[in-house]
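Chain by chain, the residues run as shown.
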Amino acid sequence: MNILLFGITKDIVGCSSLSIPVAKVSSLKTVKALKDYLSNTYPDLKKLSSLAVAVNNNYAKDNTAIDTYDEIALIPPVSGG
């Protein structure tokens, strides 16, 4: 499973994309499970005020099902003016 990272999530993880090991992917059935896994692996993600997840170019809720071949993106909070 490949995950695209943007903004501060890219800085926290240290790269612009992340590959989840195949052995772990089978236990990650929902966006919530993925967020929990990533927060445990990269604890600084827990410090973000919010974290949106897009699955196949659509914003996803925590109960959205995910699959090995989905395109997933982590979208951190954005500020602007």
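These remarks concern the structure in this document. Note that residues are indexed from 1 along each chain, following the sequence as it is written. Local features in a predicted model are, by the rule used here, given only for residues with pLDDT of at least 70; side-chain atom pairs are given and counted only at 80 or more, and totals for whole chains, interfaces and linings are based on all residues. Computation of side-chain values: all heavy atoms of the structure, hydrogens and water removed.

Turning our attention to the nonpolar core. The biggest cluster of nonpolar side chains holds 20 residues, and the ones touching the most others in it are Met1, Ile3, Ile20, Leu34, Leu38, Ile66 and Ile72. Going along the chain from the N terminus, every DSSP run of H or I of four or more residues is numbered as a helix, and every run of E of two or more is numbered as a strand. Elements with a minimum of two residues in this core: β1 (2-5), α3 (31-41), β3 (52-55) and β5 (72-75). Take this core: its biggest share by element is 3 residues, from α3. Whether two residues touch is decided by their heavy atoms; if any such pair falls within 4.5 Å, the residues are in contact. Sequence-distant contacts of isoleucine 3, defined by excluding residues within four places in its chain, comprise Ser16, Ser17, Leu18, Ile20, Leu34, Leu38, Ile72 and Leu74. Residues belong to one nonpolar core when they are buried, are Ala, Val, Leu, Ile, Met, Phe, Trp, Tyr or Cys, and are joined through side-chain atoms within 4.5 Å. Partly exposed residues are those whose accessible area sits between 20% and 50% of the maximum for their type, while under 20% is buried and over 50% is exposed, using a 1.4 Å probe and protein chains only.

Inspection of the secondary structure assignment puts serine 39 in helix α3. Given the relative accessible area of 17%, serine 39 is considered buried. Contact partners of serine 39, with chain neighbours within four places excluded, come to Leu45 and Lys46.

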